[in-house]
Amino acid sequence: MAVLEKIRVKMGAFITIIIALALLSFIIDPSTLESTLSMFSSKYDVGEIDGKSVTYQDYQNKVDYFTRIYEMSSGGVMNDQAQDMINNSAWQDEIVERVYIPAAENAGLRLGSDELLDMSQGTDISPVLANEASFRDESGAFDGQRVVDFVRAVSQDQSGQLQLYWSYLEDNMSKDRLFTKYLSLLEKSAVVNPLELDRAIADNNTTYSVDFVVSPMGFEQDTTIKVSNEEVRAYYEEHKHLYRQIESKDIDYVVFEVVPSAEDLELTYNNMEKVYPEFTTTKNMKTFLARNSDQPFTGYYYSEQELEAMPSQIAEFATKAKVSESLPVFQDENTYYAARLMDVKSLPDSIFVKHILLPASEESRADSLLAVLKKGGDFTELAREYSIDQNPNVEQPGDLGWMTQLYTIPGFESLFMADRNEVLKLTTSYGIHLVKYTEKTRPYEKYQVAVLVKEAVAGKQTYADFYAKANEFATQCGADATKFDEVAKSLNIPVYPALRVPASAKTISNSYENTKEVLRWMNENEAGSVSNIIAVDNRYFFVVAIRGEHHAGIATYNEVAMQMKELIAMEKRGIKLTEQTKERVGDAATLSQVAERLNLSVNHRDGVVFSSLTSQQLDPKFVGAIAAAKEGELVGPVTGEIGVYYFTITGKEVGAFYTEDDARARKTRELQYINQVLPAVMAEDANVVDTRYKFY
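Just so it is clear, the model here is predicted, and its values are computed rather than measured. (Residues numbered from 1 in each chain as written. Predicted model: local features only at pLDDT ≥ 70, side-chain atom pairs only at ≥ 80, totals over all residues. Heavy atoms only, no water.)

Engineer: Please set out the overall build of the protein residue by residue, giving values where relevant.
Structural biologist: Along the protein, the regular secondary structure elements total 23 helices and 21 strands. Taken over the C-alpha trace, the protein has a radius of gyration of 36 Å; the compact-globule value for 696 residues is 26 Å, which it surpasses by more than 25%. Taken along its principal axes, the extent of the C-alpha atoms in the protein is 105 × 80 × 70 Å. Classification of the 696 residues of the protein by burial places 38% in the buried group. Relative to all contacts within the protein whose residues are 6 or more apart in sequence, the contacts with residues 24 or more apart total 68%. (Helix = DSSP H or I, 4+ residues; strand = E, 2+ residues; numbered from the N terminus. Rg over C-alpha atoms; globule rule 2.2 N^0.38 Å. Buried < 20%, exposed > 50% of the residue type's maximum accessible area, 1.4 Å probe, protein only. Contact = heavy atoms within 4.5 Å.)

Written out as structure tokens, the structure is:
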């Protein structure tokens with residue numbers, strides 16, 4: 001027992017559980033133990049592929065790996081969108097390794113070392129490398145020498161980063177090539193027999209001219225048509241395989257948006273009025289706004305078009321005011337503004353910038369070079385000799401390219417006010433720049449506007465008041481979803497439905513971005529549950545009720561019975577309309593007589609082709625009947641999707657414009673489409689179950 005105690009102290013609770021399970025194996029049968037272990041581990045699975053679980057740890061390791069690759073390739077910029085992309089890439093890679101690659105290998109496909117070398121440095125370059133920006137030249141074309149240089153640099157890189165990235169590229173090259181071979185194998189195995197070719201040529205070379213009468217079904221409900229539960233049940237048993245679904249839930253929710261009260265608005269207004277006099281006179285606008293405004297002073301010069309993005313009062317004021325004039329405080333929804341026109345200048349939108357970059361420690365050299373340049377020194381040659389920015393991808397040494405006020409190097413703002421070819425000495429986080437612009441777009445009047453902004457926010461009391469309202473609603477509902485609508489109605493609170501919300505959804509509505517906690521609660525609870533208050537963005541209080549749940553797989557009878565009942569009723573309506581139409585038509589021998597007895601008009605259509613059932617905006621069943629009919633005969637009734645048809649083929653033209661080559665090309669396109677959807681079909685066949693939403 002002393003040994004056991006030491007292990008517990010060193011390894012903690014996890015190892016204690018393992019030991020406990022091992023001890024249990026002596027007193028329970030192996031099958032029960034296996035079941036227990038399975039239950040324990042399945043809680044930490046993020047999914048299942050081909051009957052095998054994907055553990056949280058395995059998946060997280062892959063996410064960490066892809067995160068390192070992303071940080072290397074993007075410079076480390078990470079946001080929610082990038083994280084979602086990384087998570088999905090890691091999951092897709094699991095599917096590739098567990099489904100796609102085994103399928104290719106089971107088909108006998110392999111990659112040799114010579115082939116892999118040829119894909120990276122030979123004549124058959126992998127698209128993985130060809131699309132890698134690092135291996136393209138100035139014109140955007142693939143440059144094999146850059147691959148060679150990269151591979152050589154791998155062995156000299158002490159950090160191991162280059163080796164990691166090259167291994168990533170090699171892995172992707174191998175996977176891409178194996179699966180490409182697999183798709184090619186399937187494509188080559190698809191044989192187009194002569195019968196298929198002849199039929200395709202005949203179908204596409206024959207066009208029909210047709211006169212027809214259609215008796216539409218309409219959309220009004222026919223109360224005489226009855227559909228029994230037995231009929232629906234039989235239809236379900238025959239067609240249920242067509243009704244596959246993903247895991248989802250139906251929810252209702254109410255949301256209390258915390259908005260500023262009248263007292264909050266008044267407080268914000270008073271604060272604005274208090275600082276407004278200083279705003280109109282301050283000599284240091286940058287410091288003033290940093291201390292008193294929700295938005296800083298950028299010094300940006302706005303065009304009239306850019307001013308339109310601001311409240312209309314500011315846009316109108318800026319274009320009419322004199323420099324140093326101020327716009328008094330005004331309210332726009334829950335935000336208060338004031339503005340001051342700081343300056344007006346004629347400026348271009350873009351300038352072409354050149355610079356010589358020196359280390360921050362070389363102040364004296366910068367001054368010497370500046371003196372040389374002011375005396376007419378060659379900027380390009382000095383950039384070639386002294387600048388530490390030796391970008392090989394620019395036309396001339398020192399070129400930075402076209403810049404705007406928004407897309408420029410921080411610290412270069414004053415360059416837009418300089419004269420063309422005037423050299424300035426500017427200091428940035430990169431070092432000391434000797435900089436000028438050589439070209440510019442047409443200048444026009446722009447306005448430098450300082451804007452004092454204060455958004456009114458809900459105070460503690462306002463926040464508490466809204467929380468109390470949400471709490472009252474949640475308390476009255478209790479844990480009973482059946483009371484949800486009743487309580488909402490009594491408190492005059494709107495209820496919002498969200499049907500079939502997938503377990504993997506990112507939000508319940510486009511109106512709200514960060515509803516992860518709402519979704520987490522939804523996934524962890526069952527139908528009939530009502531949530532406590534769920535706070536979102538410190539601005540919304542949600543209370544949610546789960547109305548129903550839909551399990552992954554084939555939909556249950558109850559989930560689709562109503563939909564199937566409507567389909568059966570539609571079929572019966574078609575049969576009934578056909579019988580009624582047939583009775584009214586009677587012994588009519590011509591289409592004109594049919595139209596007269598049905599009180600309908602005769603329609604005409606040229607160029608009907610059987611090979612394109614839907615593109616002609618005609619009922620597919622009607623087109624199929626045309627292809628099987630004889631010219632000049634009255635045909636009908638034909639029960640279609642939207643009505644009952646009588647028709648006569650008035651002309652039939654057989655051409656020779658659609659050739660065997662066209663037929664083969666079309667078959668190739670069909671195979672290409674199959675290749676596009678094949679990965680999804682393979683994933684479905686492998687019963688891929690994605691439950692990452694439990695953790696991410």
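Engineer: Can you break down the UniProt feature "domain: PpiC" (unreviewed entry) in the protein residue by residue, with the values?
Structural biologist: Cross-referencing UniProt, the feature "domain: PpiC" (unreviewed entry) maps to residues 348–439 in the present numbering. Helix makes up 22% of residues 348–439 and strand 29%, and the two end C-alpha atoms of the span are 10 Å apart. (UniProt positions renumbered as here; feature names shortened; annotations may be inferred.)

Engineer: Just give me the short version of the sheet that holds strand 16 (residues 540–550), but keep the residues and values in it.
Structural biologist: Strands sit in the order 14-5-16-15 across an open sheet of four strands; the sheet is antiparallel. Each edge of the open sheet is held by one strand with a lone partner, namely strand 14 (496–502) and strand 15 (534–536). Mean inter-strand twist for the sheet, computed between neighbouring axes without regard to direction, equals 40°. Contacting strand 5 (248–257), strand 14, strand 15 and strand 16, helix 19 (residues 516–524) runs over the sheet at an angle of about 35° to strand 16. (Pairing = 2+ DSSP bridges. Axes fitted to C-alpha atoms, helices over the stretch in contact; angles between N-to-C directions.)

Engineer: With reference to specific residues and values, describe the pairing of strand 8 (residues 335–347).
Structural biologist: In the sheet, strand 7 (residues 326–332) pairs with strand 8 via five bridges, with the strands oriented antiparallel. If you follow Phe330 over to strand 8, its bridge partner there is Tyr337. The hairpin formed by strand 7 and strand 8 contains two residues between the paired strands, and Glu333 there has a positive phi angle of roughly 55°. Relative to strand 13 (residues 444–455), strand 8 runs antiparallel, the two being bridged by twelve bridges. Paired with Val344 across the strands is Tyr447, a residue of strand 13.

Engineer: Give a description of unusual backbone geometry that names residues and reports values.
Structural biologist: A cis amide bond links Gly636 to the next residue, Pro637, at an omega of 0°. Backbone geometry at Ser324 places phi at a positive 85°, although glycine is not the residue there. In this structure, Asn421 is a non-glycine residue whose phi angle is positive, near 70°. Within the secondary structure, Asn421 is located in the loop between strand 10 (399–403) and strand 11 (424–428). The partly exposed category is assigned to Asn421, whose relative accessible area is 42%.

Engineer: I'd like a description of the pattern of salt bridges, backed by residues and values.
Structural biologist: Under the defined criterion, the tally for this structure stands at 30 salt bridges. As a salt-bridge pair, Arg244 and Glu684 come within 3.9 Å of each other at their nearest N and O atoms. With a gap of 440 residues between them, Arg244 in strand 4 (residues 244–245) and Glu684 in helix 23 (residues 660–685) connect regions that are remote in the sequence. (Salt bridge = Lys/Arg side-chain N within 4 Å of Asp/Glu carboxyl O.)

Engineer: Tell me about the environment of Ile225, residues and numbers included.
Structural biologist: Tracing the sequence through the fold places Ile225 in the loop between strand 3 (206–216) and helix 10 (229–239). Judged by relative accessible area, which is 16%, Ile225 ranks as buried. Among residues more than four places away in sequence, those in contact with Ile225 are Ala569, Lys572, Arg573 and Lys576.

Engineer: Mind laying out the environment of Leu519, listing which residues take part and the relevant values?
Structural biologist: Of note, Leu519 is situated in helix 19. For Leu519, a relative accessible area of 5% translates into the label buried. Each C-alpha atom of the pair Leu519 and Ala503 lies 7.6 Å from the other, and the pair is 16 residues apart in sequence.

Engineer: How would you explain helix 16 (residues 379–386) if you had to name every residue and give the values?
Structural biologist: Every buried residue of helix 16 is accounted for by Phe379, Thr380, Leu382 and Ala383. Across the axial projection of helix 16, the buried residues extend over an arc of 165°, all falling on one side. Check the buried side of helix 16 and you find it contacts strand 9 (351–358), helix 15 (363–374) and strand 12 (431–440). Of the residues that open helix 16, the one with a side-chain oxygen 3.0 Å from the backbone nitrogen of Thr380 is Asp378. (Arc of directions from axis to C-beta. Polar contact = N/O pair within 3.5 Å; in protein donor to acceptor, adjacent residues only side chain to side chain.)

Engineer: Explain the nonpolar core residue by residue, including any values.
Structural biologist: Counting 40 residues, the largest nonpolar core has Trp166, Tyr182 and Met682 as its most contacted members. When residues of this core are traced back to their parent elements, those giving at least two are strand 1 (45–49), helix 3 (56–74), helix 4 (80–106), helix 7 (144–154), helix 8 (161–189) and helix 23. Looking at this core, the element that brings in the most residues is helix 4, giving eleven residues. The residues touching Trp166, leaving out its near neighbours within four places in the chain, are Ser120, Leu129, Phe135, Val147, Phe150, Val151 and Val154. (Core = buried A, V, L, I, M, F, W, Y, C linked by side-chain atoms within 4.5 Å.)

Engineer: An account of the environment of Asp587 is needed here, citing residue identities and associated values.
Structural biologist: Among the structural elements, Asp587 can be located in the loop between helix 20 (557–585) and helix 21 (591–598). Classification of Asp587 as exposed rests on a relative accessible area of 63%. Sequence separation of Asp587 and Asp606 is 19 residues, and the distance between their C-alpha atoms is 27 Å. For Asp587, the side chain forms a polar contact with the side chain of Arg597, separated by 2.9 Å.

Engineer: Mind laying out the packing of aromatic side chains, listing which residues take part and the relevant values?
Structural biologist: Under the criterion given, the structure shown has 31 aromatic pairs. For the ring pair Phe66 and Tyr168, a centre distance of 6.3 Å and an interplane angle of 90° mean the geometry is edge-to-face. Here Tyr168 lies in helix 8 and Phe66 lies in helix 3, a separation of 102 residues in the sequence. There is no split in this pair, since Phe66 and Tyr168 are both buried. Pairing Phe473 with Phe484 gives two aromatic rings, centres 5.1 Å apart and planes at 90°, and the pair type is edge-to-face. One end of the pair, Phe473, is in helix 17 (residues 460–477); the other, Phe484, is in helix 18 (residues 484–490), and eleven residues separate them in sequence. (Phe/Tyr/Trp six-rings, centres within 6.5 Å; stacked < 30°, edge-to-face > 60°.)

Engineer: Pulling in residues and values, what's your account of the sheet that holds strand 18 (residues 603–608)?
Structural biologist: What holds strands together in a sheet is hydrogen bonding between their backbones, with the strands either parallel or antiparallel. The strand order 18-3-20-19 describes an open sheet built from four strands, whose pairing is antiparallel. Because the sheet does not close on itself, it has two edges, and the strands there are strand 18 and strand 19 (634–639). Neighbouring strand axes in the sheet, compared pairwise and without regard to direction, differ in orientation by 30° on average. Where strand 3 and strand 18 come together, four bridges link them in antiparallel fashion. When the sheet's bridge partners are listed, Val210 is paired in strand 18 with Arg605. Contacting strand 3, strand 19 and strand 20 (643–654), helix 20 runs over the sheet at an angle of about 75° to strand 20. Of the strands in this sheet, strand 3, strand 19 and strand 20 are in contact with helix 21, which crosses strand 3 at around 20°.

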